[in-house]
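Residues per chain are reported as follows:
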Amino acid sequence: MNNYAKHLRNRMMMSRLLGILACLIAIAGIVLRFLEILSPWLCIISIAYAMAIIFGFNSNLQDIRAGNPWQRINALLALLMFALVIFLIVYGFTSGELEVQF
């Protein structure tokens, strides 16, 4: 049982660290937008992507700590945020707001 507890503790720490990293990505997107280095579209996309990652890792934590209902809610929110990211990218390119520059 001690090995399983160690495995769960490592899994929780990895989820927390990666969640913090995703928060730092969102903060970096906001700072880069404030400095006018990043376009508004890319800022919104990076924040939505970071939120999707955070909800995904929170779903992993809820699996360990709280149980099934919150895990499903966080997983659903992660999927919705990933769908939002895909929608924003497609809409940005089709509306001409986003473009690929070489």
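Here is what the cut-offs are and how they apply
Residues numbered from 1 in each chain as written. Predicted model: local features only at pLDDT ≥ 70, side-chain atom pairs only at ≥ 80, totals over all residues. Heavy atoms only, no water. Helix = DSSP H or I, 4+ residues; strand = E, 2+ residues; numbered from the N terminus. Expected span 1.5 Å × (residues − 1). Buried < 20%, exposed > 50% of the residue type's maximum accessible area, 1.4 Å probe, protein only. Core = buried A, V, L, I, M, F, W, Y, C linked by side-chain atoms within 4.5 Å. Contact = heavy atoms within 4.5 Å. Phe/Tyr/Trp six-rings, centres within 6.5 Å; stacked < 30°, edge-to-face > 60°.

Participant: Outline helix 1 (residues 2–34), listing residues and values.
Facilitator: For helix 1, built from 33 residues, the straight-helix expectation of 48 Å at 1.5 Å per residue is met to within 8% by its first-to-last C-alpha distance of 48 Å. Buried within helix 1 are the following residues: Leu8, Met12, Ser15, Gly19, Ala22, Ala26 and Gly29. Looking one or two residues beyond helix 1, the residue adopting positive phi is glutamate 36, at roughly 60°.

Participant: Mind laying out the environment of leucine 18, listing which residues take part and the relevant values?
Facilitator: Relative to the assigned elements, leucine 18 resides in helix 1. Sequence spacing of leucine 18 and isoleucine 53 is 35 residues, and the spatial spacing of their C-alpha atoms is 8.5 Å.

Participant: A description of the nonpolar core should follow, citing residues and the corresponding values.
Facilitator: Counting 8 residues, the largest nonpolar core is built from Trp41, Ile45, Ala48, Ala52, Met81, Val85, Leu88 and Leu98. Only helix 2 (40–64) and helix 3 (68–95) provide two or more residues apiece to this core. Setting aside anything within four residues of it in sequence, one finds alanine 52 in contact with Ala78, Met81 and Phe82.

Participant: Lay out the packing of aromatic side chains with the relevant residues and their values.
Facilitator: We describe a pair of aromatic rings using the distance from one ring centre to the other and the angle between the two ring planes. Scanning all chains against the criterion turns up 3 aromatic pairs. For the ring pair tyrosine 49 and phenylalanine 82, a centre distance of 5.9 Å and an interplane angle of 70° mean the geometry is edge-to-face. Of this pair, tyrosine 49 sits in helix 2 while phenylalanine 82 sits in helix 3, and the two are 33 residues apart along the sequence. Relative accessible area serves as the criterion here: at 31%, phenylalanine 82 is assigned to the partly exposed category. When the centroid spacing of 5.8 Å and the interplanar angle of 15° are considered together, the rings of phenylalanine 87 and tyrosine 91 count as stacked. Within this pair, phenylalanine 87 and its partner tyrosine 91 are both found in helix 3, separated by 4 residues, close to a single helical turn. Its relative accessible area of 42% is what places tyrosine 91 among the partly exposed residues.

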